[in-house]
Amino acid sequence: MKLGVLCSGGKDSWFACSLARDKEDVACLISIHSKNDASYMFHTPDIHLVPLQAEAAGIPLVTVTTEGIEEEELADLSHAIRLAVEQYGIEGVVTGALMSVYQATRVQRICRDLGLWCFNPLWYTDPEAYMERLISSGSR
């Protein structure tokens, strides 16, 4: 299955990407650059690194910018995912979401509306167990 990975540049999205690559074809990364540092949906501190990370990983990147207005930014996410479907033929979306019901349910809804599978491999993972798993995985 071809997957697009929502990527913020942080450890969680990259670990989720690694887990997805173990079992499926990661066709592209999907990055949303929010102009709002307090975005409800998108992690912003490392977003500027994603193009360099994608290049280093050899994974194509779909990037969309959003103003970061609550709920309105979901249309920008949907647009980015549709671009990934058109450009790379993705059949599902992977997230690094850990605990945010707000984020997870909105991504799941968008995927459902677009007829895509949504994979949240880190969802509700015990934080200590997650960190142990992350560290023990080494660099992949």
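If you're wondering where the values come from, they're calculated on a predicted model, not measured in any experiment.

Procedures and definitions
- Residues numbered from 1 in each chain as written.
- Predicted model: local features only at pLDDT ≥ 70, side-chain atom pairs only at ≥ 80, totals over all residues.
- Heavy atoms only, no water.
- Axes fitted to C-alpha atoms, helices over the stretch in contact; angles between N-to-C directions.
- Helix = DSSP H or I, 4+ residues; strand = E, 2+ residues; numbered from the N terminus.
- Parallel < 35°, antiparallel > 145°, perpendicular 65-115°, else oblique.
- Left-handed = near helix turned anticlockwise from the far one by under 90°.
- Contact = heavy atoms within 4.5 Å.
- Nonpolar A, V, L, I, M, F, W, Y, C, P; charged D, E, K, R; others polar.
- Salt bridge = Lys/Arg side-chain N within 4 Å of Asp/Glu carboxyl O.
- Buried < 20%, exposed > 50% of the residue type's maximum accessible area, 1.4 Å probe, protein only.
- Pairing = 2+ DSSP bridges.
- Expected span 1.5 Å × (residues − 1).

**Q** I tried to follow the packing of helix α3 (residues 73–88) against helix α4 (residues 101–114) on my own but got confused; where do I start?
**A** Relative placement of two packed helices is described by the angle separating their axes and the distance separating the axes. At a minimum axis distance of 10 Å, the contact between α3 and α4 shows a crossing angle of 50 degrees. When the axis of α3 is compared with that of α4, the two are oblique. Crossing hand, α3 versus α4: right-handed. Contacts from L74, L77, S78, I81 and R82 in α3 reach R106, V107, I110 and L114 in α4. When its residues are assigned to classes, the contact of α3 with α4 shows six nonpolar, one polar and two charged.

**Q** Would you mind showing me how to read the pattern of salt bridges here?
**A** Where side chains of opposite charge bring their charged atoms close, a pairing between them can arise. This structure, assessed with the given rule, holds four salt bridges. With its nearest N and O atoms 3.3 Å apart, the salt bridge here joins K11 to D12. In this structure D12 comes out as buried when scored by relative accessible area, which is 17%. Between K35 and E67 there is a salt bridge, with the nearest N and O atoms lying 3.1 Å from each other. Taken as a pair, K35 in the loop between β2 (25–34) and α2 (50–57) and E67 in the loop between β3 (61–66) and α3 lie far apart in primary sequence, 32 residues in all. Classification of K35 as exposed rests on a relative accessible area of 54%.

**Q** Even after reading the chapter, I still don't get the sheet that holds strand β1 (residues 2–6), so can you show me in this structure?
**A** Strand pairing in a sheet relies on backbone hydrogen bonds. The paired strands run either parallel or antiparallel. With respect to topology, five strands assemble into an open sheet ordered β3-β2-β1-β4-β5, the strand pairing being parallel. For this open sheet the edge positions go to β3 and β5 (117–119), each flanked by a neighbour on one side alone. Direction aside, neighbouring strands of the sheet carry axes that sit 25 degrees apart on average. Of the strands in this sheet, β1, β4 (92–94) and β5 are in contact with α4, which crosses β5 at around 155 degrees.

**Q** Explain helix α1 (residues 11–23) to me, please; I cannot follow it from the model alone.
**A** Residues lying three or four places apart along an α-helix face the same way, a consequence of the helix completing one turn every 3.6 residues. Between its first and last C-alpha, α1 extends 19 Å over 13 residues, near the 18 Å set by a 1.5 Å rise per residue. Every buried residue of α1 is accounted for by D12, S13, F15, A16, C17, S18, L19 and A20. Along its buried surface, α1 packs onto β1, β2, β4 and α5 (127–136).

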